[in-house]
Amino acid sequence: GEMSMFDGEPRFASCVTLENSRVAVLTREALMMVLTDQPVIALVTLLALAAAWSAFWFYAAQDVVARLAAWAEAQRAQGLTAEYAGVAVRGFPLSWHVTVDAPAMAGTGPTQWEWRGERMTAEIRPWALRDVPVTFPGRHEVSGGAGSVAETLALQAARPDGRIVLVANGKLALLALDLGDVRI
């Protein structure tokens, strides 16, 4: 709720006490007056916010890597192949630019499908956490079928852009790909 002091948006935080308590209210107007009249307090506040954002960014970057590993493990537990050579998170301080090297997924059973690519990227932006632009640069192979109906396509697109939209619980709501000028 503290960000509402700066952006004017409604508060979304609450507090529950374990015993009777006395509390004080600091309004946005009062805070702005103190920050204007006391530049040292403004500087300390700015430094505290920058430190908090930096700590959160690095925590979230590690969390992205851990969640990707957990997701891949969950896919493997369901009998799928889900692997990658490495993950890097960059973009401090404005976004989390995630690069996944050599991603691959495969399913078994009668349909037997497989996807392997050189790279996948995702740009997670703090102002749009559930709307994630993705790219699939390089060569990607998609295979499907078995026996005489098996087929493998090698794809490379000039604009391998896409978008993932997630709902509040993190489930996939939309996956859109624009493979403009694709070469097969």
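Thresholds, definitions, all that
- Residues numbered from 1 in each chain as written.
- Predicted model: local features only at pLDDT ≥ 70, side-chain atom pairs only at ≥ 80, totals over all residues.
- Heavy atoms only, no water.
- Buried < 20%, exposed > 50% of the residue type's maximum accessible area, 1.4 Å probe, protein only.
- Helix = DSSP H or I, 4+ residues; strand = E, 2+ residues; numbered from the N terminus.
- Pairing = 2+ DSSP bridges.
- 1 Å grid on protein atoms, 1.4 Å probe; cavity = no way out; pocket = protein on both sides within 12 Å on 5 of 7 lines; lining within 4 Å.
- Points joined across faces, edges and corners; volume = space filled by probe spheres on them.
- Nonpolar A, V, L, I, M, F, W, Y, C, P; charged D, E, K, R; others polar.
- Core = buried A, V, L, I, M, F, W, Y, C linked by side-chain atoms within 4.5 Å.
- Contact = heavy atoms within 4.5 Å.

## As for the pairing of strand β4 (residues 104-107)
Stage number 1. Side-chain alternation along β4 places Ala 104 and Ala 106 on one buried face and Met 105 and Gly 107 on a second face that is also buried.
Stage number 2. The pairing of strand β1 (residues 81-83) with β4 spans three bridges and is antiparallel. In the sheet register, Ala 82 faces β4, and the bridge partner there is Met 105.
Stage number 3. Linkage of β4 to strand β5 (residues 113-117), two consecutive antiparallel strands, is achieved through a turn of five residues, within which Gly 109 is found at a positive phi near 95 degrees.

## Regarding the layout of surface pockets
Stage number 1. Here the largest pocket defines a volume of roughly 1900 Å³.
Stage number 2. Lining the largest pocket are 48 residues, and of these Leu 68, Trp 71, Met 120, Ile 164 and Leu 166 sit closest to its centre.
Stage number 3. For the lining of the largest pocket, the element with the highest residue contribution is helix α3 (residues 39-77), accounting for nine residues.
Stage number 4. Class assignment for the residues of the lining of the largest pocket results in 37 nonpolar, six polar and five charged.

## What about the nonpolar core?
The tendency in soluble globular proteins is for nonpolar side chains to be buried as a group.
Stage number 1. Val 89, Trp 96, Val 98, Val 132 and Val 134 are the most contacted members of the largest nonpolar core, which has 15 residues in total.
Stage number 2. Mapped onto this core, the elements with two or more residues apiece are α3, β3 (96-101), β6 (119-124) and β7 (131-135).
Stage number 3. Every residue in contact with Val 132, bar those within four places of it in the chain, is listed here: Ala 122, Glu 123, Ile 124, Gly 162, Arg 163 and Ile 164.

## Observations concerning the pairing of β3
Stage number 1. The pairing of strand β2 (residues 86-90) with β3 spans five bridges and is antiparallel. Counterpart to Val 89 in the pairing with β3 is Val 98.
Stage number 2. Of the pairings in the sheet, the one linking β3 to β6 comprises six bridges and is antiparallel in character. Across the sheet, the residue bridging to Trp 96 is Ile 124, located in β6.

Structural measurements only, silent on function.
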